[in-house]
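Results of the structural survey
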Amino acid sequence: MRYVTVTALSHTGLIRDHNEDSLVAGPWTLCGTVTENPQTLVFPLVHPLVIAVADGMGGQPGGEVASELTVRQLSVVGATLNSEEALRHALHVCNEAVYAAAERNPALTTMGTTVAGVLVLPETVLAFNVGDSKVLSATPTGLHQLSVDDSPPLAPGRRTTSLITQSLGGATTFTPVTPHITPTPLSLTDRYLACTDGLTDPVPEEALDELLQAHGGNNGKAAFELWKAAIEAGGPDNITLALVEIGE
C-alpha cells in the first residue's frame, strides 16, 4: 500500500512578534503556533490527501484568522477532493469564507492569506497556490518550482518582493481568485516542499536544493536544516514548511 509522509515545521522567525502562518496535512492542522522540532505524520494513501501552508498577510488585521480559516476548510473537505475541478472549487470556497468572516467582523476587513500545497491522488499530484507561497519539487535532477508566484515583475537587481497580486481575501470588497493548479505524475522518487516566503525569501533556491539533496534520506533533518538556513539568514518572517514524500 502506498503511503504519504509529511514532515512539517512552523516558526515565528526572529523579527515578527507572532506567527500568522497555518498548515494542514490531511485532517491535522497547525495554526499560529510554533513547533520546536519538525513533526512527521504518515498517512495511507486510501483517500485524497491535501497538504498546504497558508501565510496570513502581514501589515493587515487578522492574517492569522484568514490562514486558519483556510487550512481548517481544506482539512474538512480534503478527503473528497478527487479532481482538479473539486480542488479549484474548494479554493474558491476558502476565498468566500475569508471574505464572509471579514464581513461579520469589521475589525477584520481586508484580512487575507496566501495558500500553497499539494493534493495527492492515487496517480497524480496536483500542486496549487494562490499568492506567493511556493510548491517546489525536489527531484533527482534538481529543484523545480511547481507553483506560480502571484507577484508583480521584480525590479532590476531584486530577487524577491513582498507585494502580491492575488490572495484569499485581502480586499475591501469580494474579489474572485484564479487558483494555479499544476498536475504532475505521482513519483516515488520526488519530494514536494510547500512553504511560506519566510523560507524562500531569505534562502535562495540553489541553497534549498543543496540542503534537500544533502539530506535526501532524512526528511526530519532536511526540514530542520531548511528552517535553520532561514534563521541564519535573519529569520525576517514566519517560516512554515511541509516536506512531502510518497512511499510504498
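Each remark here, short or long, concerns the structure printed above.
Quick look at the structure, then. The numbers attached to residues start from 1 for each chain and follow its sequence in the written order. For this predicted model, a pLDDT threshold of at least 70 governs which residues receive local features, and a threshold of 80 or more governs which side-chain atom pairs are given and counted, while totals over whole chains, interfaces and linings are taken from all residues. Neither water nor hydrogens contribute to the side-chain values; these are computed over all heavy atoms in the structure.

1. Notes on the packing of aromatic side chains
Describing an aromatic ring pair means giving the distance of the ring centres and the angle of the ring planes. Each pair of aromatic rings taken from Phe, Tyr and Trp, with Trp reduced to its six-membered ring, is defined by centres within 6.5 Å and is described as stacked if the planes are under 30 degrees apart, edge-to-face if over 60, and tilted in the remaining cases. Across all of its chains, the model carries two aromatic pairs by this definition. Both rings, one in Y99 and one in F174, keep their centres 5.1 Å apart while their planes meet at 65 degrees; by these two values the pair is edge-to-face. Residue Y99 is found in helix 2 (residues 84-104), and its partner F174 is found in the loop between strand 11 (168-169) and strand 12 (180-185); the two are separated by 75 residues along the sequence. A centroid spacing of 5.4 Å and a plane angle of 45 degrees characterise the contact between F224 and W227, whose relative ring orientation is tilted. Taken together, the residues span about one helical turn, with F224 and W227 both in helix 5 (residues 219-232) at a distance of three residues. Only protein chains enter the area calculation, which uses a 1.4 Å probe; residues under 20% of their type maximum are buried, those over 50% are exposed, and those in between are partly exposed. Looking at F224, the relative accessible area reads 27%, which means it is partly exposed. Assessed through its relative accessible area of 18%, W227 is described here as buried. Only runs of H or I of at least four residues qualify as helices and only runs of E of at least two qualify as strands under DSSP, and these elements are numbered from the N terminus.

2. Section: the sheet that holds strand 5 (residues 49-55)
For two strands to be treated as a pair, DSSP must find no fewer than two bridges joining them. Here we have six strands laid out as an open sheet, ordered 3-2-5-7-8-12, and antiparallel in their pairing. Both edges of this open sheet fall to strand 3 (28-31) and strand 12, since each of them pairs with a single strand only. Adjacent strand axes in the sheet meet at a mean angle of 10 degrees, parallel and antiparallel pairs treated alike. Bridge count for strand 7 (residues 115-120) against strand 8 (residues 124-130) is six bridges, and the pairing is antiparallel. For helices, the axis comes from a line fit to the C-alpha atoms of the stretch in contact; other axes are also lines fit to C-alpha atoms, and the angle between any two N-to-C directions lies between 0 and 180 degrees.

3. Description of the pattern of salt bridges
Salt bridges are identified by distance alone: a Lys or Arg side-chain nitrogen within 4 Å of an Asp or Glu carboxyl oxygen. Tallied over the entire structure, the rule returns seven salt bridges. When the shortest N-O distance is used, the salt bridge between R88 and E84 registers 2.8 Å. Of this pair, R88 and E84 both sit in helix 2, four residues apart, which is roughly one turn of that helix. Residue R88 is classed as partly exposed on the basis of its relative accessible area, which comes to 27%. A cluster of three or more residues bridged by salt bridges with shared partners is formed by R2, E123 and E248.

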